[in-house]
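Commentary on secondary and tertiary structure
For reference, the chains in residue letters:
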Amino acid sequence: MNKMSPNDRARQFLPFDALKGLKEALRLKEYEHERMKKTDLSEDKIAYISDTLFNINKGDIVYVKYFFDGYYKEIKGSIKLKLDVNIIEVDKTKISLDDLYDIKVIKKFGD
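Numbering of residues starts from 1 in each chain and follows the order in which that chain's sequence is written. Local features in a predicted model are, by the rule used here, given only for residues with pLDDT of at least 70; side-chain atom pairs are given and counted only at 80 or more, and totals for whole chains, interfaces and linings are based on all residues. Think of the side-chain values as coming from all heavy atoms in the structure, minus any hydrogens and water.

Okay, the overall build of the chain next. Of the regular secondary structure elements, the chain holds three helices and five strands. Starting at the N terminus, the α and β elements of the chain follow one another as α-α-α-β-β-β-β-β. Relative to its full complement of 111 residues, the chain shows a buried share of 20%. Using the Shrake-Rupley algorithm and a 1.4 Å probe, accessible areas are obtained, with residue cover drawn only from the displayed protein chains. Within the structure as shown, the chain displays about 9000 Å² of accessible surface, and the carbon and sulfur contribution to it stands at 55%. Each helix is a run of DSSP H or I of at least 4 residues and each strand a run of E of at least 2, with the numbering of both proceeding from the N terminus. The buried label goes to any residue with under 20% of its type's maximum accessible area, the exposed label to any with over 50%, and the partly exposed label to all in between, with areas taken from a 1.4 Å probe on protein chains only.

Centres within 6.5 Å are what make two rings of Phe, Tyr or Trp a pair, Trp counting through its six-membered ring; a difference in plane orientation under 30 degrees is then read as stacked, over 60 as edge-to-face, and the rest as tilted. Tallied over the full model, the rule gives two aromatic pairs. Ring centres 5.0 Å apart and planes at 65° place the aromatic pair Phe 67 and Tyr 72 in the edge-to-face group. In this structure Phe 67 comes out as buried when scored by relative accessible area, which is 12%. Assessed through its relative accessible area of 22%, Tyr 72 is described here as partly exposed. Of the aromatic side chains, those joined through ring pairs into one cluster are Phe 67, Tyr 72 and Tyr 101. Throughout this description, the term charge over a ring refers to an Arg CZ or Lys NZ atom that lies within 6 Å of the ring centre and within 35 degrees of the ring normal. The ring of Tyr 101 has Lys 45 sitting right over it, with the charged end atom 5.2 Å from the ring centre.

Right, here's the structure in full:
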């Protein structure tokens, strides 16, 4: 009779998660725990963002840091401005101007 190695023996039970959803529940709890409140921007930072937005053109490559759902997120990509509705779009991610934390032009369109 062939003896099963300890690894093979353990592997046969992998499909049976005794506590279904435990990993997902722990991940969600950690996500909720790390959430934060949006910080207020200084007048200088607001002026910088405003000036940058004024000088951006559709198609410029930008780096954006923004607040979403309790977290600061970062994205880099091509910008599409929709200032009439207070939204910018970076590679199909729509960002409210109220949630902008930082924006930098990495490359001007056509350069």
